[in-house]
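Analysis of the macromolecular model
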Amino acid sequence: MNSEFAVRSMRPGELELALEWARQEGWNPGLDDAIAFHEADPSGFFVGAIGEVPVGSISVVKYGDNFAFLGLYIVHPDFRGRGFGKAIWNAGIASAGDRTIGLDGVAAQQAVYRKAGFEVAYNTIRYGGVPTSMPDSSLVAQPVPDARLEGLLRYDSGIFPQPRAAFLAAWCTARKGRSSVVVRKSGKIRGYGTIRRCYEGYKIGPLFANDTDSAAALLTGLIPQAHGASIYIDIPTVNAEAITLAESVGLEPVMETARMYRGPAPEIPLKNVYGVTTLELG
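A quick note: this is a predicted structure, and the numbers were derived from the prediction, not measured.

Overview of empty space enclosed by the protein
- Scanning the entire structure with this criterion turns up one cavity of 30 Å³ or more.
- Looking at the largest cavity, its volume works out to about 110 Å³.
- Taken together, 13 residues form the lining of the largest cavity, with Phe-160, Phe-208, Arg-259, Ile-268 and Val-273 sitting closest to its centre.
- For the lining of the largest cavity, the per-class residue count stands at 10 nonpolar, two polar and one charged.

Considering the pairing of strand S6 (residues 119–129)
- In this sheet, strand S12 (residues 252–262) lies alongside S6 in antiparallel orientation, the contact comprising nine bridges. Bridge assignment links Val-120 to a residue of S12, and that residue is Met-260.
- Summarising the sheet, S6 and strand S11 (residues 231–236) pair through six bridges and their orientation is antiparallel. If you follow Gly-129 over to S11, its bridge partner there is Ile-231.

Side note on the UniProt feature "domain: N-acetyltransferase" (unreviewed entry) in the chain
- Those places that UniProt annotates as "domain: N-acetyltransferase" (unreviewed entry) correspond, in this numbering, to residues 5–137.
- Across residues 5–137, the secondary structure splits into 28% helix and 37% strand, with the terminal C-alpha atoms separated by 55 Å.

Some remarks on unusual backbone geometry
- Backbone torsion omega between Gly-205 and Pro-206 reads 0°, so that peptide bond is classified as cis.
- By secondary structure assignment, the location of Pro-206 is in strand S10 (residues 202–209).
- Not every positive phi belongs to a glycine, and Ser-186 is a case in point at roughly 55°.
- Position of Ser-186 relative to the elements: it lies in the loop between strand S8 (178–185) and strand S9 (188–197).
- With a phi angle near 55°, His-227 is a residue other than glycine that sits in the positive phi range.

Topic: the side chain of Gln-162
- Looking at the element boundaries, Gln-162 is found in the loop between helix H5 (150–157) and helix H6 (165–171).
- Leave out the neighbours within four places in its chain, and Gln-162 touches Tyr-63, Gly-64, Asn-66 and Phe-67.

Comments concerning the nonpolar core
- Core analysis: the largest hydrophobic core is formed by 39 residues, its most contacted members being Leu-15, Phe-37, Tyr-63, Phe-167 and Tyr-192.
- Broken down by element, this core gets its largest block of residues, five residues, from helix H1 (residues 14–24).
- Ignoring anything within four residues of it in the chain, the contact list for Phe-37 reads Leu-15, Leu-19, Phe-45, Leu-72, Phe-167, Trp-171, Thr-278, Glu-280 and Leu-281.
- In terms of nonpolar packing, the next biggest core, distinct from the first, is built from 29 residues, Tyr-127, Leu-219, Ile-231 and Ile-243 among them.

A short note on the layout of surface pockets
- Empty space within the largest pocket amounts to approximately 530 Å³.
- What lines the largest pocket is a set of 20 residues, and nearest its centre among them are Trp-27, Tyr-73, Asp-104, Val-106 and Tyr-113.
- Only strand S4 (67–75), strand S5 (100–106) and S12 provide two or more residues apiece to the lining of the largest pocket.
- Top element by residues in the lining of the largest pocket is S4. It accounts for six residues.
- Tallied by class, the residues present in the lining of the largest pocket amount to 11 nonpolar, four polar and five charged.

Parameters at a glance
- Starting afresh in each chain, residues are numbered from 1 along the sequence in its written order.
- Totals for whole chains, interfaces and linings use all residues, but because this is a predicted model, local features are given only for residues with pLDDT of at least 70 and pairs of side-chain atoms are given and counted only at 80 or more.
- In computing side-chain values, all of the structure's heavy atoms are included and hydrogens and water are not.
- Cavity means a closed set of points on a 1 Å grid over the protein atoms alone, one where a 1.4 Å probe fits but cannot get out, pocket means an open set with protein on both sides within 12 Å along at least 5 of 7 lines, and lining means a residue has an atom within 4 Å of a point.
- Grid points are joined across faces, edges and corners, and a volume is the space filled by probe spheres set on the points.
- Residues are sorted three ways: Asp, Glu, Lys and Arg are charged, Ala, Val, Leu, Ile, Met, Phe, Trp, Tyr, Cys and Pro are nonpolar, and all the rest, Gly among them, are polar.
- If DSSP finds at least two bridges between two strands, the strands pair.
- In DSSP terms, a helix is any run of H or I states spanning at least four residues, a strand is any run of E spanning at least two, and both are numbered starting from the N terminus.
- UniProt positions are given in the numbering used here, feature names are shortened, and annotations may be inferred rather than shown by experiment.
- Contacts were defined at the residue level, with two residues in contact if any of their heavy atoms lie within 4.5 Å.
- For our purposes a nonpolar core is just a set of buried Ala, Val, Leu, Ile, Met, Phe, Trp, Tyr and Cys residues, chained together by side-chain atoms within 4.5 Å.
- When a residue's accessible area, from a 1.4 Å probe over protein chains only, is under 20% of the maximum for its type it is buried; when over 50% it is exposed; and in between it is partly exposed.

Below is the structure:
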């Protein structure tokens, strides 16, 4: 271990660097994810650095007093095998205190995470491709007004383990390459979703809905915004209706991860999760 090595909070620009490392690893983050990620928890992002040179990263974003989510755990290939990753990991885990910590782990790393106290809750499959059709729905999705997020925040907090108002205010704000839609029936929200431009194609997440009809309406509102490019949705395998919906528009399995928790797993109505928000932040 180099005596100049230390783990510290990220400085301006270093979150963008970590996301670039994520791109190089093939994780395909969004082009402007850093803005909303930082808003989720400005204190939740760390780098390991030798002097002024960042060599690795981790995020442990805290949602309230009971839940945190781990992501962006990367050591640059030039610095692997020297113990830096363990130090970065330990610092990130310690920052969560006694909160339950979630993560999405690829198959190759799940044994490592189990040794660190994480247990598998369910699997997630990324479906992707260029859609070949549009789903049928009796409902119509509408754009999410930037200045009217109160109802959406209440709806989201019934599905995500903790309220995340600052994150969603940034995540759902319309800008180039990113937009959100909502479905209502009799004035009540029945689902919402966000699409964002990534280094390769577009990702849809979250895709939260009361039922398949609502989720189909959301997809009908979101798919055209990819302008014929590939789209990707991370779907819990226990939601069979979500998988059927993805397959109905021509998407196919691309990769698989496992949602794992260290500590009591939060109660999430997975029947409403037609697409995970992001594998980095939960």
